[in-house]
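# Report on the structure
Single-letter residue listing:
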Amino acid sequence: QVQLVESGGGLVETGGSLRLSCAASASIFTFNPMGWYRQAPGKQRELVAAIFSGGNTNYADSVKGRFTISRDNAKNTVYLQMNSLEPEDTGVYYCNGRYMMGGTYWGQGTQVTVSS
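Here's a quick rundown of the structure. (Residues numbered from 1 in each chain as written. Predicted model: local features only at pLDDT ≥ 70, side-chain atom pairs only at ≥ 80, totals over all residues. Heavy atoms only, no water.)

## Looking at unusual backbone geometry
That bond from Asn 32 to Pro 33 is cis: its omega, 0 degrees, falls within 30 degrees of zero. Along the chain, Pro 33 falls in strand 4 (residues 31–39). Of note in the backbone geometry, Asn 76 takes a positive phi value of approximately 50 degrees without being a glycine. Tracing the backbone shows Asn 76 in the loop between strand 7 (67–72) and strand 8 (77–82). Of note, the phi angle at Ser 84 is positive, near 50 degrees, even though the residue is not glycine. (Helix = DSSP H or I, 4+ residues; strand = E, 2+ residues; numbered from the N terminus.)

## Here we look at the nonpolar core
Counting residues in each nonpolar core, the largest one holds 28 residues, and the members touching the most others are Met 34, Trp 36, Leu 80, Met 82 and Tyr 93. Only strand 3 (18–24), strand 4, strand 5 (46–51), strand 7, strand 8, strand 9 (91–99) and strand 11 (110–115) provide two or more residues apiece to this core. The dominant element in this core, judged by the number of residues it contributes, is strand 3, at four residues. (Core = buried A, V, L, I, M, F, W, Y, C linked by side-chain atoms within 4.5 Å. Buried < 20%, exposed > 50% of the residue type's maximum accessible area, 1.4 Å probe, protein only.)

Right, here's the structure in full:
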């Protein structure tokens, strides 16, 4: 059973930083891509950032220049470094991985709350 487990959410003031982690139960080389999504109250889940097996990355326009997605292959972990956080970044953040053996997997989500 493939699992993705997020950690690192919390409450932070506007302008603060958080780093989210997503630990995979399988080698992250078997996922392409891996990404972070978020869902704000009353809104649809949206893609925040994605990282592909070749190292390319994509970001939502709203987080470009503030968020950075990265991975540690040895730890089978993907990170989302979030700087200059804004109240609009509040939501549940989900890790996502498209498994090359088949299927798309989601973590359980971690809450990020940015106070104004």
